[in-house]
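Structural features, examined
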Amino acid sequence: MVETATPPALRRTPTWVRILRWPYTFLVAFSIAVGGFTIWASYYLDLPMRDPEGFLGPAYVRLPMLGLLFIGGGLAVQAFLQTRSLRGLRSRVTTIVRTEWSWSRLIHAALGLIAFYISYVSYRNLKSFLPIVREEVLHDADLMKMDHWLFFGHYPALVLHDVLGTGFIALILSTIYVSYLMLTPVSLAAVLVLNKDLSLGAWYATALSLNWILGVGSYYLVPTLGPVFANQSLFADLPGDSGVAALQRSLAHARYDVLSDPWATEKIHGIAGFASLHVSVVLTACLFFAIIGINKWLMRGLWVYFTGTVLATIYFGWHYVADDIGGVVIAVLSIAIGAAVTGNWGYRKTRSRERKAQQAALDSSSV
């Protein structure tokens with residue numbers, strides 16, 4: 001008897017292999033594990049879990065609304081870019097939905113947003129548990145001495161105040177720093193909605209989610225408050241009416257309320273220095289968009305924004321120099337792990353080979 005080989009097209013890939021190859025497998029499992037751990041920690045420590053953005057409504061209402069808003073905004077941008085005109089925008093959006101948006105793509109975009117949000121909420125609550133778990137163990141004095149030594153007997157924040165001044169530049173840096181929380185989910189939504197490559201959305205969502213958890217792990221490893229909370233006198237010359245100043249006052253009040261009675265307040269403790277997640281998240285975005293390739297002017301703008309973020313962390317006393325270095329490490333790790341678990345390791349080389357193959361095909365067809 002002659003054995004006939006099954007044609008490759010008819011061979012079914014085992015289910016477990018397809019699950020492992022699915023770019024969202026790690027992210028979904030990671031968010032479930034992190035969310036479950038946070039719920040367990042809340043129960044074990046007898047501390048309340050809070051919705052960090054509860055003033056916008058309950059999460060089960062807010063999250064779908066934000067998702068629809070992001071997707072709708074992304075579709076409007078995509079439709080506008082087709083003709084650079086507002087005329088017929090609605091019909092173009094309808095056409096894009098019918099031709100490009102399947103249920104699979106919609107579910108993947110929703111998964112990215114939900115997993116990101118679960119990781120973020122877990123991060124905020126675990127951060128709020130920090131002063132109770134670590135019992136006010138703080139290393140601010142050590143890191144402040146290190147900063148003083150690194151800057152040859154000067155405090156880095158005061159050096160920046162002298163070089164940059166404490167007037168108009170303070171407002172610019174304040175705007176950059178405060179805008180971070182809005183730009184992070186917007187950039188994720190843009191990648192999930194505007195990019196047809198599902199693995200890229202999974203990569204970016206995974207990298208951002210890893211930032212939250214690696215960051216909160218660093219808080220427990222080296223608990224600090226940050227220079228402005230450890231020695232407020234160094235920042236007395238900064239304007240008191242900036243967005244950053246208002247945020248710092250709000251965080252200080254929340255810290256007092258949580259430490260007084262965490263069950264009596266709806267607030268969350270949000271002060272922690274090492275490492276800087278402002279630096280890590282913004283650098284993660286810069287590295288991601290640099291790797292996948294975007295408009296050079298947008299990329300330059302991102303690097304300028306990153307530079308402003310780094311300066312703001314020191315200028316306003318949010319972080320020590322070591323915090324920013326730690327943020328860089330977290331960003332690199334998040335991008336690398338995210339690429340590995342979503343099948344995007346070596347993305348640039350793969351894309352380069354594909355472009356060369358396409359160009360070769362075009363050249364051969366034109367001969």
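Computed from a prediction, not measured in an experiment: that's the story for all the values here.

Structural notes on the overall build of the chain
Within the chain one finds 16 helices and zero strands. Within the chain, the proportion of its 367 residues that are buried is 44%.

Details of the packing of aromatic side chains
For the structure on display, the rule yields 16 aromatic pairs. Here Trp203 and Phe288 contribute two aromatic rings whose centre-to-centre distance is 5.3 Å and whose plane-to-plane angle is 80 degrees, an arrangement assigned as edge-to-face. Separated by 85 residues along the polypeptide, Trp203 in helix α10 (residues 198-221) and Phe288 in helix α13 (residues 277-292) bring together distant segments of the chain. Neither residue differs from the other here; Trp203 and Phe288 are each classed as buried. Ring centres of Phe288 and Phe289 lie 5.3 Å apart, and the angle between their planes is 75 degrees; this geometry places the pair in the edge-to-face category. The pair formed by Phe288 and Phe289 is uniform in burial state, with each residue classed as buried. Every member of this aromatic cluster is reached through a ring pair, and the members are Phe116, Tyr120, Tyr123, Trp212 and Tyr219. In this structure, Arg300 packs its charged tip against the face of Trp297, placed 4.5 Å from the ring centre.

Description of helix α14 (residues 296-315)
A rise of 1.5 Å per residue sets the reference length of α14, with its 20 residues, at 28 Å; its end C-alpha atoms lie 28 Å apart and thus fit the reference within 8%. Of all the positions in α14, only Met299, Leu302, Tyr305, Phe306, Gly308, Thr309, Ala312, Thr313, Ile314 and Tyr315 are classed as buried. Where α14 is buried, its residues meet α7 (156-164), α8 (168-178), α9 (180-194), α13 and α15 (321-341). N-cap assignment for α14: the residue whose side-chain oxygen lies 2.8 Å from the backbone N of Trp297 is Asn295. Within two residues after α14, Gly317 carries a phi angle of roughly 80 degrees, on the positive side.

With respect to the side chain of Ser31
When you line up the elements, Ser31 lands in helix α2 (residues 25-45). Residue classification places Ser31 among the buried positions, given a relative accessible area of 5%. Setting aside residues up to four positions removed in sequence, Ser31 forms contacts with Ala115, Ile118 and Ser119.

Remarks on the packing of α8 against α14
Packed helix pairs are characterised by how far apart their axes lie and by the angle those axes make with each other. Where α8 meets α14, the closest approach of the two axes is 9 Å, and the angle between their N-to-C directions is 110 degrees. Considered as vectors, α8 and α14 are oriented roughly perpendicular to each other. Judged by residue contacts, Ile169, Ala170, Leu173, Ile176 and Tyr177 of α8 engage Tyr305, Gly308, Thr309, Leu311, Ala312, Thr313 and Tyr315 from α14.

Observations concerning the packing of helix α5 (residues 103-133) against α9
Between α5 and α9, the least distance of the axes is 9 Å, while the angle of their chain directions is 155 degrees. Regarding the angle of α5 to α9, the classification is roughly antiparallel. The chirality of how α5 crosses α9 is right-handed. Where α5 abuts α9, its residues Arg105, Ala109, Gly112, Leu113, Phe116 and Tyr120 lie against Leu181, Thr184, Pro185, Leu188, Leu192, Val193 and Leu194. Tallied by class, residues from the contact of α5 with α9 come to ten nonpolar, two polar and one charged.

Regarding unusual backbone geometry
Of the consecutive residues Phe274 and Ala275, the connecting peptide bond is found in the cis state with omega at 0 degrees. For Ala275, the location among the structural elements is in the loop between α12 (243-260) and α13. Non-glycine residue Asp46 carries a positive phi angle of around 55 degrees. The topology assignment puts Asp46 in the loop between α2 and α3 (59-83). Classification of Asp46 as exposed rests on a relative accessible area of 52%. Phi at Phe152 takes a positive value of approximately 55 degrees, unusual for a residue other than glycine.

Remarks on helix α6 (residues 140-150)
All buried positions along α6 are accounted for by Asp140, Leu143, Met144 and Asp147. With its buried residues spanning 100 degrees around the axis, α6 presents them on a single face. With respect to the buried face of α6, the exposed residues turned more than 90 degrees away are Ala141, Lys145 and Trp149. Along its buried surface, α6 packs onto α7, α11 (227-230) and α15. Directly beyond the C-terminal end of α6, a positive phi value near 55 degrees is found at Phe152.

About the thresholds
Residues numbered from 1 in each chain as written. Predicted model: local features only at pLDDT ≥ 70, side-chain atom pairs only at ≥ 80, totals over all residues. Heavy atoms only, no water. Helix = DSSP H or I, 4+ residues; strand = E, 2+ residues; numbered from the N terminus. Buried < 20%, exposed > 50% of the residue type's maximum accessible area, 1.4 Å probe, protein only. Phe/Tyr/Trp six-rings, centres within 6.5 Å; stacked < 30°, edge-to-face > 60°. Lys NZ or Arg CZ within 6 Å of the ring centre and 35° of its normal. Expected span 1.5 Å × (residues − 1). Contact = heavy atoms within 4.5 Å. Polar contact = N/O pair within 3.5 Å; in protein donor to acceptor, adjacent residues only side chain to side chain. Axes fitted to C-alpha atoms, helices over the stretch in contact; angles between N-to-C directions. Parallel < 35°, antiparallel > 145°, perpendicular 65-115°, else oblique. Left-handed = near helix turned anticlockwise from the far one by under 90°. Nonpolar A, V, L, I, M, F, W, Y, C, P; charged D, E, K, R; others polar. Arc of directions from axis to C-beta.

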